[in-house]
Amino acid sequence: MARDTTDQTPLSSVQDLTDYIAAGNKPRERFRIGTEHEKFAFFRADNSPVPYFGDASISALLTGLQEKSGWEPIMDGGNIIGLAERSGMGAISIEPGGQFELSGAPLETLHETCRESNQHLATLREIAEPMGIRFLGIGGSPKWTYAQTPQMPKSRYEIMTRYMPKVGSKGLDMMYRTCTIQVNLDFSSEADMRQKMRVSMKLQSLATALFASSPFTEGKPNGLLSWRGDIWRDVDNKRSGLLDFTFRDDFGFRDYAEWALDVPMYFIVRDGRYHDCTHVTFRQFMNGALKGEVADPAPTMGDWTNHLSTLFPDVRLKRFLEMRGADGGPWRRICALPAFWVGLLYDDAALQAADELTKDWSFGEVAALRDAVPAEGLKAQFRGHALLDVAREVVGISRTGLKARGKLNREGQDESIFLAPLDEVLAKKATLAEDLLSLYRGRWNGSVEPVFEDYQY
């Protein structure tokens, strides 16, 4: 999320909160694909991280992009922290450790999504190259310690940085040393949302395995394929992970709102100032808990919208669904991740097939898989078989769904072409993380430094 909201519409009931989410319902012809991807900025000269301030810096990159694109700068305390496309259709933001994020526009096809990402990276390279800056596309910071990682001057991150060590052991690593690729997808009704949420929540660990690309920490192998996936096992379990109620047949918008109400808040914004609210839940806030603490203690729709953006389940519900399980990766994977989910969720027959495949998966089984995947990847066992076998079936369903959509590019190719990186993983029976480890033990001679050259954008 690039900009925190200041919508002053007053809230009076849980129904208001539920109705806000339900307003995401839209007809199928208005379904869109919103892809987000993060990458690590580094100096090519020595593979060191890029600070926020300075002539060659994150702020200089944002300023250069703003001048070139004409997008509106997003400011926080006098510092530029992002850019918003003036029609509100896309945004650029920075993550806590300087990870550079494109939140793409809602687009109709994966062909458009891939062109958007390509154009963004080309433009960014044009600004960054004179500064000696490049970008790394993998899921975890391979070299820098937490102390070496810069901190961005963003108010919400200051609150989160203080709070994270109180609620989990790995929250700061999540904030400062990981990157992801995500896709945001639409639903047409509560029933449609329910089915998509159920399927994608159960299959999120499969996405973690397929896209695993974070096997290094502080210059050496960390014993995992998805360090990022392991980090999410202990960030803040009140606001992240699997949600058991989404496995129910009667799950709906109200259930998610009720869950969100009992998650501690991060902040509210009043007159441009962020107030730390980590000591109260949103339900307590609704019941007057901040009276006497802030000048305007009544909750607003902007507060609710911001709160929803600070919840981190494996699949996040706002006015759309966010798929949050995948590590970051090279350019082709920026297209492959949305392709995987669009194929499964945007074709009725494919969605039904995925639902049938996973309908009797229990919460306990899915939770155990989520625990196993960061270390074992596609070798993790599920019901006596390697997850690789499930992956083949699910990627096949996705391919069928993409072909059925019939969205062709100028060369007459359908969207299933974007599954190619996953086809390679399945054919080799090895994730990108395993490829990286093989390089480390072979051509890279026990060094992670070459990853910056071989996997840069």
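Conventions and cut-offs
Residues numbered from 1 in each chain as written. Predicted model: local features only at pLDDT ≥ 70, side-chain atom pairs only at ≥ 80, totals over all residues. Heavy atoms only, no water. Salt bridge = Lys/Arg side-chain N within 4 Å of Asp/Glu carboxyl O. Helix = DSSP H or I, 4+ residues; strand = E, 2+ residues; numbered from the N terminus. Buried < 20%, exposed > 50% of the residue type's maximum accessible area, 1.4 Å probe, protein only. Polar contact = N/O pair within 3.5 Å; in protein donor to acceptor, adjacent residues only side chain to side chain. Axes fitted to C-alpha atoms, helices over the stretch in contact; angles between N-to-C directions. Parallel < 35°, antiparallel > 145°, perpendicular 65-115°, else oblique. Contact = heavy atoms within 4.5 Å. Disulfide = S-S within 2.5 Å. Phe/Tyr/Trp six-rings, centres within 6.5 Å; stacked < 30°, edge-to-face > 60°. Lys NZ or Arg CZ within 6 Å of the ring centre and 35° of its normal.

A.B. asks: What should I look at first to understand the pattern of salt bridges in this one?
C.D. replies: Side chains that carry opposite charge are capable of pairing whenever their charged atoms lie near each other. Overall, the coordinates contain 37 salt bridges when judged by the stated rule. Here Arg370 ties to Asp314 by a salt bridge, and the two come within 2.8 Å at their closest N and O atoms. Placement of the pair is Arg370 in helix H13 (residues 363-376) and Asp314 in the loop between strand E14 (312-313) and strand E15 (315-317), with a sequence separation of 56 residues. Here Arg370 and Asp314 have matching classes, each one buried. Notably, a salt bridge pairs Arg443 with Asp454, separated by 3.3 Å at the nearest N-O pair. Here Arg443, found in the loop between helix H16 (432-441) and helix H17 (450-454), pairs with Asp454, found in helix H17; they are 11 residues apart in sequence, far enough to count as distant. Take Arg443: its relative accessible area is 57%, and that puts it in the exposed class. One continuous salt-bridge network, built from bridges that share partners, spans Lys170, Asp230, Arg233 and Asp371.

A.B. asks: Would you mind going over the environment of Arg370 with me for this structure?
C.D. replies: Judged by its relative accessible area of 13%, Arg370 is buried. At a separation of 3.3 Å, a polar atom in the side chain of Arg370 contacts the main-chain carbonyl oxygen of Trp232.

A.B. asks: Could you clarify how one ought to interpret the packing of helix H11 (residues 331-345) against helix H12 (residues 348-358) in this entry?
C.D. replies: Two quantities define a packed helix pair, namely the angle between the axes and the distance from one axis to the other. Direction vectors running N to C along H11 and H12 enclose 90°, while the axes themselves pass 6 Å from each other. On the basis of the axis angle, H11 is roughly perpendicular to H12. Facing Gly343, Leu344 and Leu345 of H11, the residues of H12 in contact are Ala350, Leu351 and Ala354.

A.B. asks: It is not clear to me how the state of the cysteines should be interpreted in this structure. Could you clarify?
C.D. replies: Disulfides are covalent bonds that connect the sulfur atoms of two cysteines. Counted according to the given criterion, the structure contains one disulfide. At a sulfur-sulfur separation of 1.9 Å, the disulfide partner of Cys114 is Cys335. Between Cys114 and Cys335, the S-S torsion sits near 90°, and that sign places the bridge as right-handed. Of this pair, Cys114 sits in helix H3 (residues 110-128) while Cys335 is found in helix H11, placing the two residues 221 residues apart along the sequence. With relative accessibility at 7%, the residue Cys114 sits in the buried group. Judged by relative accessible area, which is 2%, Cys335 ranks as buried. The closest cysteine sulfur to the non-disulfide-bonded Cys179 is located on Cys335, 17 Å from its own sulfur. By relative accessible area, which is 0% here, Cys179 ends up buried.

A.B. asks: Just checking my understanding: could you explain the packing of aromatic side chains for this structure?
C.D. replies: Pairs of aromatic rings are described using the distance from one ring centre to the other and the angle between the two planes. Tallied over the full model, the rule gives 22 aromatic pairs. Their ring planes at 75° and their centres at 5.4 Å tell us that Phe247 and Phe363 sit as a pair that is edge-to-face. Taken as a pair, Phe247 in the loop between strand E11 (240-241) and helix H8 (253-261) and Phe363 in helix H13 lie far apart in primary sequence, 116 residues in all. It is Arg239 that lies over the ring of Tyr266; its NZ or CZ is 4.0 Å from the centre.

These figures come from the coordinates and say nothing about function on their own.
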